[in-house]
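Notes for the structure review
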Protein chains: 2
Amino acid sequence: MPTVKDVARHAGVSVGTVSKVLSEDQTVKVALRERVLQAVTDLNYRPNMAARALRTNKFNIIGLVVPDITNPFFAQLALNIETEAARRGHTVMLTNSHDDTVTEGRQIAALLDRSPRGLIVAACNDTSAKLESSEVRVLSLDRRFHSFPLVSTDHADGSAKVATYLISLGHQRLAYLAGPQDTEVGRQRLAGFVRQFEVHNAQNAALQLEIHNGQFDFHSGEILARKLLLQSEGERPTAIAAASDQMAIGVLRAARDMGISVPQSVSVVGFDDTTLASLVVPRLTTVAQPTEKLAKKAVERVLDESSSPLEDVLLEGSLVIRESTARILPAGHSS
Amino acid sequence: MPTVKDVARHAGVSVGTVSKVLSEDQTVKVALRERVLQAVTDLNYRPNMAARALRTNKFNIIGLVVPDITNPFFAQLALNIETEAARRGHTVMLTNSHDDTVTEGRQIAALLDRSPRGLIVAACNDTSAKLESSEVRVLSLDRRFHSFPLVSTDHADGSAKVATYLISLGHQRLAYLAGPQDTEVGRQRLAGFVRQFEVHNAQNAALQLEIHNGQFDFHSGEILARKLLLQSEGERPTAIAAASDQMAIGVLRAARDMGISVPQSVSVVGFDDTTLASLVVPRLTTVAQPTEKLAKKAVERVLDESSSPLEDVLLEGSLVIRESTARILPAGHSS
DNA sequence: CTGAAAGCGCTTACAG
DNA sequence: CTGAAAGCGCTTACAG
């Protein structure tokens, strides 16, 4: 492997000049710069990142911590982050916290050891792990980590869109299956839904909403739905909004097992728009998170040294209407 | 950040001794070692990886290249690789080739620049990209990269299991939806199925097999199945084996759209056992790849410096029987 | 068994 | 505008 020294010799300049050309220092005369660049290609020189990192204390690496890369949403995010990072000459170090705070702390320490340019973490919960105040820029993605600035979807707004949509379809008895309330995401999504529901309810007192708490996963949605759908047709909700696609898919399965057809008898909405959403039967109406924008924004902010990224960034999600929701004739229309 | 120098001063020894203790050199006397370790914890010393890498030319990092982390199978693999790597004090640099050879080459170069301990690559196709013969250990995972040793599931054997299983259920008219034949995986899976079919056919000449070529994705499975299932009930296959879960799920959707019930009228089998397989309706019978073992094996081999990992490692997949397959009464039993 | 010293490949003030 | 030199924090022969 050739080094700066080799390049310098080949070009007939000093190593300092080579270094300057490589770092795009404009003070090098064109003639010299050309010679150096020629030498670089001649020798197929590639800078030694470790040496550079030792001097500058910064590696062209971004650390990424997610709860579980197996979760399609995080996979989507990771893909886009990696792609954007690569575009900017950076590489991504990926780590899974397995939804465990202790592991998360250990992983972060391991990443920090490798002097990354920045750290993007989708925290496993809201407990503020202590992070030694390093000079490494840290960003929260999707879920708040410690008190670091957050880039995420506007969950409350997304849920609000769902509420408005369902009510506009004529549904009067709604159910919301909430995510864990010890997470900011879970709380935001619930709050947004409830708030919007109340706005509509102020105009139409016939509306009803029941809320059930669960986890974000498939199983949780299935269990809650089973209970819910046991009620007689006139009693039970005609529309179920779930806090995640996984939960909504659980609802779909419960409905199917109980012989209740979706969307004819009950409408179902998810949240996230993971790849699953368009594969299930019926295809799931859901709120799409703008993963690509989230990823770009996160990379941009974690890399940008000039701006002080103190504020949170909230990006809007969009309602994706598929086959799991339908208009209903308000059967028991209480006038 | 404290350095070896600080630790040395604190412990009253030389930096060389500190380094030796840290690298678990046994030649340091217990008394000194204790003092050093005490100093390390006192100062909360963390070695500078960049400096270490500069000297040793090796970072505690494993590079991982996958076609697309969004593919559940690779996500599963990545999770297990990361977990195993972390257990061994290594970190994983993840990169997506987007199924494109040029990008793949660029990504690999970027990873190599960062002096990883080793490289694990799930290639996007069989074309042998040129890789400068570096001292970095390279391993093929799941799909052959260049001519580097491969760790993968025994695809042929897995397909053979499917063939045997379907025939044992009494199916006589089989269809196999093959993956792309310019990939080793695609070819292996097809070959294994055909070979096993022929073994059975030697004993029972009534067996029939039709083969259709496609891609591994959902869409491809759907299209092929639509054509296949257009045939009258007495003509069309009663069992369809697909080269991937995605394809099989496409088949499921086609069958559903055409009012053909699975498994009553046609049995469907996938390959991979991605998370999807147990979420679809009906739950998919498939071949599970031993992702955890694959990951462990890959990490072990890529890190192990002693053994020369020249041979391929093939691990056995297992048939997972769910709800998409059933026994049939041989209707048109040609005696 | 321990220490002093060289050197890994860069970058960056500092002279000139 | 260019070069000589110091130094980033380690590891590793080499003396003693």
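Structure: see above.
Residues numbered from 1 in each chain as written. Chains lettered and ligands numbered in written order. Predicted model: local features only at pLDDT ≥ 70, side-chain atom pairs only at ≥ 80, totals over all residues. Heavy atoms only, no water.

Not every one of the 24 residues close to DNA strand D is listed here, only the nearest: Thr17 and Arg55 of chain A together with Val4, Ser19 and Tyr45 of chain B. The sugar-phosphate share of atoms of DNA strand D within 4 Å of the protein amounts to 68%. Lys20 of chain A places a side-chain nitrogen or oxygen 3.1 Å from a base oxygen of DNA strand D. Ser19 of chain B is positioned with one of its side-chain polar atoms (N or O) 2.6 Å from a phosphate oxygen of DNA strand D. No other element matches helix H4 (residues 49-56) of chain B, which puts five residues into the surface near DNA strand D. Partitioning the surface near DNA strand D into residue classes produces nine nonpolar, eight polar and seven charged. (Near = heavy atom within 4 Å. Polar contact = N/O pair within 3.5 Å; in protein donor to acceptor, adjacent residues only side chain to side chain. Helix = DSSP H or I, 4+ residues; strand = E, 2+ residues; numbered from the N terminus. Nonpolar A, V, L, I, M, F, W, Y, C, P; charged D, E, K, R; others polar.)

Residue and element names in this part refer to chain B. What the four strands build is an open sheet, ordered S7-S6-S8-S9; its pairing is parallel. Each edge of the sheet is formed by a strand with only one pairing partner; in this case those strands are strand S7 (208-213) and strand S9 (267-269). For this sheet the average axis-to-axis angle between neighbouring strands, irrespective of direction, equals 15°. Bridge count between strand S8 (residues 239-242) and S9: three bridges; the pairing is parallel. Considered in S9, the bridge of Ile240 is made with Val268. (Pairing = 2+ DSSP bridges. Axes fitted to C-alpha atoms, helices over the stretch in contact; angles between N-to-C directions.)

Now for the protein's contact with DNA strand C. Val4, Ser19 and Tyr45 of chain A together with Thr17 and Arg55 of chain B are the nearest of the 23 residues found near DNA strand C. Measuring from a base nitrogen of DNA strand C, one finds a backbone N or O atom of Ala51 of chain A at 3.5 Å. A distance of 2.7 Å separates a phosphate oxygen of DNA strand C from a polar atom in the backbone of Lys29 of chain B. Every element with two or more residues in the surface near DNA strand C is listed here: helix H2 (15-22) and helix H4 (49-56) of chain A together with helix H2 (15-22) and H4 of chain B. Of the residues contributing to the surface near DNA strand C, the split by class is nine nonpolar, eight polar and six charged.

Right, let's get into the relation of the copies chain A and chain B. Expressed as a screw operation, the relation of chain A to chain B combines 0.0 Å of axial shift with a rotation of 180°, fitting to an RMSD of 0.1 Å. Given the turn and translation reported, the copies of this chain are related as if by a two-fold rotation axis. In terms of C-alpha distance to the rotation axis, chain A has Met93 of chain A as its closest residue, with the C-alpha 2.1 Å off the axis. Most of the interface of chain A is mirrored in chain B: 100% of its interface residues are interface residues there too. (Least-squares fit on C-alpha atoms with pLDDT ≥ 70 in both. Contact = heavy atoms within 4.5 Å.)

Here we come to the packing of helix H1 (residues 4-11) of chain A against helix H3 (residues 30-43) of chain A. The axes of two packed helices give the description: the angle between them and the distance between them. Residue and element names in this part refer to chain A. In the contact formed by H1 and H3, the axes pass within 9 Å of each other and the chain directions differ by 120°. In terms of orientation, H1 lies oblique with respect to H3. For the crossing formed where H1 meets H3, the hand is right-handed. For the pair H1 and H3, contact is made by Asp6, Val7, His10 and Ala11 and by Arg35, Val36, Ala39, Val40, Asp42 and Leu43, respectively. (Parallel < 35°, antiparallel > 145°, perpendicular 65-115°, else oblique. Left-handed = near helix turned anticlockwise from the far one by under 90°.)

With that out of the way, let us pick up the interface of chain A and chain B. The interface is formed by 45 residues belonging to chain A together with 45 residues belonging to chain B. Counting the surface lost from both chain A and chain B, the interface buries some 4100 Å², and carbon and sulfur atoms represent 56% of this. When the buried area of chain A at its contact with chain B is split by residue, Arg114, Arg253 and Leu279 of chain A rank highest and sum to 16% of it. Counting the contacts that link chain A with chain B gives two salt bridges. Note that Arg46 of chain A is salt-bridged to Asp113 of chain B, the shortest N-O span being 3.2 Å. (Buried area = accessible area lost by both parts, 1.4 Å probe. Salt bridge = Lys/Arg side-chain N within 4 Å of Asp/Glu carboxyl O.)

Next up on the list: the side chain of Ser97 of chain B. Residues and elements named next belong to chain B. With respect to the secondary-structure elements, Ser97 resides in the loop between strand S2 (91-96) and helix H6 (101-113). On the basis of relative accessibility, which here comes to 0%, the residue Ser97 falls in the buried class. Not counting residues within four places of it along the chain, the set of residues in contact with Ser97 comprises Val65, Val66, Pro67, Thr103, Glu104 and Cys124. (Buried < 20%, exposed > 50% of the residue type's maximum accessible area, 1.4 Å probe, protein only.)

Glancing now at the packing of aromatic side chains. All names here are of chain A. Taken as a whole and assessed by the stated rule, the structure comprises seven aromatic pairs over all chains. A centroid spacing of 5.4 Å and a plane angle of 55° characterise the contact between Phe73 and Phe74, whose relative ring orientation is tilted. Exposure class is identical for Phe73 and Phe74. Each is buried. Aromatic pair Phe145 and Phe148: ring centres 5.9 Å apart, planes at 15°, arrangement stacked. Judged by its relative accessible area of 1%, Phe145 is buried. (Phe/Tyr/Trp six-rings, centres within 6.5 Å; stacked < 30°, edge-to-face > 60°.)

Turning to the pattern of salt bridges, a few remarks are in order. All chains considered together, the criterion is met by 30 salt bridges over all chains. Across the salt bridge formed by Arg189 of chain B and Asp272 of chain B, the nearest N and O atoms sit 3.2 Å from each other. Here the residue Arg189 of chain B occupies a position in helix H8 (residues 184-201), and Asp272 of chain B occupies one in the loop between S9 and strand S10 (286-288), the gap between them amounting to 83 residues. For the pair Arg189 of chain B and Asp272 of chain B, a shared accessibility class is recorded, and that class is buried. Salt bridges sharing common partners tie together Glu84, Arg87 and Arg88 of chain A.

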